[in-house]
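The primary structure of each chain is shown beneath.
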Amino acid sequence: LQVHRRLLYDDNRGVGEPLVELGADRQGLVVRGRHLLLLDTVESAADQHRLLAQELFMAPYVVLAPGGGPSYRRGQPSLRQFSALRRELPPNVHLLTLTPWDAGTLLLRLEHQFERGESVNGSQPVTVNLLNLFSAFTITSVQEMSLGADLPL
């Protein structure tokens, strides 16, 4: 695993000069990261790494603010927690995109997180009922589109 390299002389691999990046403090670059190692069998590795990777990548940010200020909507109590979903999605389905699109429409992308045959349970087909799935709005019609959302299917 190569995180960072430093070369005092050109290694003739395309850069054409030594790689000496000293950073803002002139002490050299410091790279900090986190590496997780998952030990499992080939058959069940996808069940673990797919969901764990999604959980780590999409971890929520903790946001703190002083209390006592005005609520988001006047006359309503402050929200301490909110979910746009009325119920959880199946564990192998990820809400990839939910964004305003054209006037009065939203772009919703759901993805199945497992490849066919990758997991005994996770790769199984799944059905998601969009009716009453969201608490913040109501779906009145659906148009299936290509992944780029530029061509109807």
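Since this is a predicted model, take the numbers as computed values, not measurements. (Residues numbered from 1 in each chain as written. Predicted model: local features only at pLDDT ≥ 70, side-chain atom pairs only at ≥ 80, totals over all residues. Heavy atoms only, no water.)

J.: I keep staring at the overall build of the chain and nothing clicks. Help me out?
T.: Helix and strand content of the chain: one helix and two strands. Counting helices and strands in the order they occur from the N terminus, the chain gives α-β-β. Looking at the 153 residues of the chain, the share that counts as buried comes to 13%. Relative to all contacts within the chain whose residues are 6 or more apart in sequence, the contacts with residues 24 or more apart total 43%. Carbon together with sulfur atoms contributes 53% to the accessible area of the chain, which is approximately 13,600 Å² in total. (Helix = DSSP H or I, 4+ residues; strand = E, 2+ residues; numbered from the N terminus. Buried < 20%, exposed > 50% of the residue type's maximum accessible area, 1.4 Å probe, protein only. Contact = heavy atoms within 4.5 Å. Areas by Shrake-Rupley, 256 points an atom, 1.4 Å probe, with all protein chains shown as cover.)

J.: What is the right way to look at the pattern of salt bridges in this model?
T.: With the rule as written, the count across this model stands at one salt bridge. For R50, the salt bridge is made with E118, and the minimal N-O distance between the two is 2.8 Å. You can see R50 sitting in helix α1 (residues 42–57) and its partner E118 sitting in the segment after β2 (106–112), a full 68 residues away along the chain. Note on R50: relative accessible area 28%, which makes it partly exposed. For E118, a relative accessible area of 21% puts it in the partly exposed group. (Salt bridge = Lys/Arg side-chain N within 4 Å of Asp/Glu carboxyl O.)

J.: So what exactly am I meant to see when it comes to a nonpolar patch on the surface here?
T.: Taken together, L8, Y9 and V20 make up a surface patch of nonpolar side chains, about 360 Å² in accessible area. Its location among the elements puts V20 in the segment before α1. A residue is classified by how much of its surface remains accessible, and V20, at 38% relative accessible area, is partly exposed. (Patch = residues over 30% accessible without salt bridge, like charges linked within 9 Å, V, L, I, M, F, W, Y side chains within 5 Å.)

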